Amino acid sequence: AFTRDAVVMLGSVVRLATDSRYTMLAAALLLVGEVVLNTAIVSFVPYTEIDWKAYMQEVEGVVNGTYDYTQLQGDTGPLVYPAGFVYVYLALYYITQLGANIRLAQYIFIGLYLLNLALVFNIYRRTNMPPIALALLCVFSYRVHSIFVLRLFNDPIAMLLFYAAVNLFLSKRWTLGCFVYSLAVSVKMNILLFAPGLLLLLLAERGYKTIWDLALCAAVQLILAVPFLATNPVGYLMRAFDLGRQFQFKWTVNWKFLDEDFFLDRRFHIALLAVHLVLLAVYCTRWLRQQGVGWAGVLKSRSVRAEDIVMLLFGCNLAGVAVARSLHYQFYVWYFHALPWLLFRTRIPLALRVVLLLAVEYSWNVYPATPLSSGVLAVCHLIMVAAVFSAVSAPAPAAKEKTK
């Protein structure tokens, strides 16, 4: 009888963990747990100063009337983020008593963490992810909690806005979604890694109307940057969207197994860019074939399934992160919340998915990074990219064409 009861109980646990009908319940329970956990982290784990003071110094320059981007800087260097960053941290500057009330800032970031997680959970729910996928997000989030509530980086804010945009895309609110997406880009440029996938989605869903969505994205950037463009347009563009920025070898998480001279070599950077472009071309082509069309038919307006929307966006971003010139510790949030989703769309067995997530978490928690930790991360990226690319090889259920 005991054995039979144990089997029944185990069956119930497995069903709760794998049945997407219980995803909402799991999300609610996990969010409650995260409230307690984040509060405990802020209360008992010491805050670590990295960029908050520099952020406050940079926006304080704007408060003092400096709109020339080349003159805005903090202790860690010049301001290198677009204008949206300035407005966000300017608000935090005033809310936190000119940046002095760090504890209040941490509580604000707890709220941002929970909102971000709720948006991600909703993406998982709308694409029929099982509860265990949500649980893995919380289990392997040691570094991510630190990035949000102990470091106060701008990366989480950019990603929060991006996930808000994805929720709008899933509701087919493309124009509003593009507006929010552009706001995310204005906080940090890494959001552009999703741009190839978004462009393809807009072409597939909106056809020639895509031009208006792109114009809206550009208008958001221009309007936010007006004070800085009016003062020094070249300086703003060079600082806010510096694609040639040189990263220091000592901070890299993903290439520590390389020789420093090789890491700094421009030919290596060009090779990575070439690989990135090839990966995007291959992935987008496979995605289009899965939709039952080729590049020639991309402008034929059709309704794309929620799962395919997320797969395209998350997959393009993964390709970019995997071949990034350098990854710093706060960059982990660029793809952390997407990894379980992507892995659960592959043919990789559940046990190996967990091992991969554990290995990735290990790599991002070794400080400073070592050749071993970077090597492990590179292998994980290689496996995940191959698995995700393979997952878009099979045709998706036929999408309905829109009536004109």
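Please read these numbers as outputs of a predicted model, since none were measured by experiment. (Residues numbered from 1 in each chain as written. Predicted model: local features only at pLDDT ≥ 70, side-chain atom pairs only at ≥ 80, totals over all residues. Heavy atoms only, no water.)

Participant: Provide a residue-level description of the overall build of the protein chain, including the pertinent values.
Facilitator: Check the secondary structure of the protein chain and you find 18 helices and two strands. In terms of overall dimensions, the protein chain is globule-like: its C-alpha atoms have a radius of gyration of 22 Å, near the 22 Å expected for 404 residues. Viewed in the frame of its principal axes, the protein chain has a C-alpha envelope of about 75 × 55 × 45 Å. Taking all 404 residues of the protein chain together, 52% fall into the buried category. Carbon and sulfur atoms provide 68% of the accessible area of the protein chain, an area that totals close to 18100 Å². Charge separation in the protein chain, taken as the distance between the mean sites of 32 positive and 21 negative side-chain charges, equals 11 Å. (Helix = DSSP H or I, 4+ residues; strand = E, 2+ residues; numbered from the N terminus. Rg over C-alpha atoms; globule rule 2.2 N^0.38 Å. Buried < 20%, exposed > 50% of the residue type's maximum accessible area, 1.4 Å probe, protein only. Areas by Shrake-Rupley, 256 points an atom, 1.4 Å probe, with all protein chains shown as cover. Lys, Arg positive; Asp, Glu negative; His and termini not counted. Charge placed at Lys NZ, Arg CZ, Asp CG, Glu CD.)

Participant: Explain the nonpolar core to me, using residue names and the numbers behind them.
Facilitator: Among the nonpolar cores identified, the biggest contains 138 residues, and Tyr-89, Phe-162, Leu-313 and Phe-314 are the most heavily contacted of them. If sequence neighbours within four positions are ignored, Tyr-89 has contacts with Trp-52, Tyr-55, Met-56, Val-59, Phe-109, Leu-152, Phe-153, Asn-154 and Ile-157. (Core = buried A, V, L, I, M, F, W, Y, C linked by side-chain atoms within 4.5 Å. Contact = heavy atoms within 4.5 Å.)

Participant: Tell me about the packing of aromatic side chains, residues and numbers included.
Facilitator: Within a pair of aromatic rings, the relevant descriptors are the distance that separates the centres and the angle that separates the planes. With the rule as written, the count across this model stands at 30 aromatic pairs. Centroid distance Tyr-332 to Trp-364: 4.9 Å. Interplanar angle 10 degrees. Geometry classified as stacked. With a gap of 32 residues between them, Tyr-332 in the loop between helix 15 (306-322) and helix 16 (339-343) and Trp-364 in helix 17 (residues 350-365) connect regions that are remote in the sequence. Trp-364 carries the same exposure label as Tyr-332, and that label is buried. Grouped by ring-pair contacts, the aromatic residues Phe-162, Tyr-163, Tyr-181, Phe-194, Phe-314 and Trp-341 constitute a single cluster. Geometry around Phe-249 places Lys-256 over its ring, the cationic atom sitting 5.6 Å from the centre. Directly above the ring of Phe-344 sits Arg-353, whose terminal nitrogen or CZ lies 4.6 Å from the centroid. (Phe/Tyr/Trp six-rings, centres within 6.5 Å; stacked < 30°, edge-to-face > 60°. Lys NZ or Arg CZ within 6 Å of the ring centre and 35° of its normal.)

Participant: Pulling in residues and values, what's your account of helix 10 (residues 195-206)?
Facilitator: Helix length check: helix 10, at 12 residues, gives a terminal C-alpha distance of 15 Å against a target of 16 Å (1.5 Å per residue), a fit within 8%. Those residues of helix 10 not exposed but buried are Gly-197, Leu-198, Leu-200, Leu-201, Leu-202, Ala-204 and Glu-205. On its buried side, helix 10 packs onto helix 8 (155-170), helix 9 (174-187), helix 11 (210-231), helix 14 (266-290) and helix 15. The positive-phi residue at the C-terminal boundary of helix 10 is Gly-207, with phi of around 60 degrees. (Expected span 1.5 Å × (residues − 1).)

Participant: So what's going on with the environment of Tyr-329? Residues and values would help.
Facilitator: Looking at the secondary structure, you find Tyr-329 in the loop between helix 15 and helix 16. Residue classification places Tyr-329 among the buried positions, given a relative accessible area of 11%. Residues Tyr-329 and Tyr-367 lie 38 residues apart in sequence; the distance between their C-alpha atoms is 9.0 Å. Excluding its chain neighbours within four sequence positions, the residues that come into contact with Tyr-329 are Arg-143, Ile-147, Val-253, Trp-364, Val-366, Tyr-367, Pro-368 and Ala-369.

Participant: Quick rundown of the pattern of salt bridges? Include the residues and the values.
Facilitator: Here the structure, examined in full by the defined rule, presents seven salt bridges. A salt bridge links Glu-205 to Lys-172; the shortest N-O distance between them is 2.6 Å. Placement of the pair is Glu-205 in helix 10 and Lys-172 in the loop between helix 8 and helix 9, with a sequence separation of 33 residues. What makes Glu-205 buried here is its relative accessible area of 2%. A salt bridge links Arg-305 to Asp-308, with the nearest nitrogen and oxygen atoms 3.1 Å apart. Looking at Asp-308, the relative accessible area reads 4%, which means it is buried. (Salt bridge = Lys/Arg side-chain N within 4 Å of Asp/Glu carboxyl O.)

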